[in-house]
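Each chain, written out:
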Amino acid sequence: ELPALVEKEFHVSPILKSINGHSMGGHGALIIAIKNPDKYISVSAFAPICNPTQCPWGQKAFQGYLGSVDAGAEYDATILISKKKSPYDSILIDQ
């Protein structure tokens, strides 16, 4: 709902959108952009969690919330980008 509100209230391009985030938000930005390549022309992540299925807290979270670490693969940017051809020429990830 936020993109629609911004487009309605401000003079912005509805097609020239980017997404970015920091830490877990950076992970979210990567996941959203990879899963919705038609909606964003660029993605940037600052100190993101990039491979949560391979770290203890990510494994615990996926097990607890999704029932298994394997189910978390759909929410792991490293796995998603390795399975899909990225529509982006480059993705800025800054640690």
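Parameters and conventions
- Counting from 1, residues in each chain are numbered in the order their sequence is written.
- Only residues with pLDDT of 70 or above have their local features reported here, since the model is predicted, and side-chain atom pairs are shown and tallied only from 80 upward, although totals for entire chains, interfaces and linings are computed over all residues.
- Heavy atoms from the whole structure form the basis of all side-chain values; hydrogens and water molecules are not counted.
- Two strands make a pair as long as DSSP finds a minimum of two bridges between them.
- Secondary structure elements follow DSSP: runs of H or I no shorter than four residues count as helices, runs of E no shorter than two count as strands, and numbering proceeds from the N terminus.
- In this analysis, axes come from line fits to C-alpha atoms, helices being fitted only over the stretch in contact, and the angle between any two N-to-C directions falls in the range 0 to 180 degrees.
- Any two residues whose heavy atoms approach within 4.5 Å are treated as being in contact.
- Note on exposure labels: buried denotes an accessible area under 20% of the residue type's maximum, exposed denotes more than 50%, and partly exposed covers the range between, all computed with a 1.4 Å probe on protein chains only.
- By convention in this document, the label disulfide applies to cysteine sulfur atom pairs within 2.5 Å.
- As a per-residue quantity, pLDDT reports the predictor's confidence and falls between 0 and 100.

Some points on the sheet that holds strand 3 (residues 92–94)
Strand order in this open sheet of three strands is 1-2-3, and the pairing throughout is parallel. Bordering the open sheet on either side are strand 1 (18–22) and strand 3, each of which pairs with just one other strand. Geometrically, the sheet is characterised by an average inter-axis angle of 5 degrees between neighbouring strands, direction not taken into account. Inspection of the sheet shows strand 1 paired to strand 2 (residues 42–46) by five bridges, in the parallel sense. Following the sheet pairing, Ser18 is matched in strand 2 by Ser42. Against the sheet, helix 2 (residues 24–35) contacts strand 1, strand 2 and strand 3, and its axis sits at roughly 150 degrees relative to strand 1.

Let's talk about unusual backbone geometry
The phi torsion at Ser23 lies on the positive side, around 60 degrees, for a residue other than glycine. What makes Ser23 partly exposed here is its relative accessible area of 25%. For Ala47, which is not a glycine, the phi torsion comes out positive at approximately 50 degrees. Accessibility expressed as a relative area gives 27% for Ala47, which makes it partly exposed.

Section: the state of the cysteines
Taken as a whole and judged by the stated rule, the model has zero disulfides. Considering cysteine sulfurs only, Cys55 is the nearest to Cys50, which forms no disulfide, with 11 Å between them.

What to know about the confidence of the model for the protein
The predicted model of the protein has a mean per-residue pLDDT of 89, with 98% of residues at 70 or higher. Helix 3 (residues 56–66) holds the highest mean pLDDT among the elements of the protein, 95, whereas strand 3 holds the lowest, 72.

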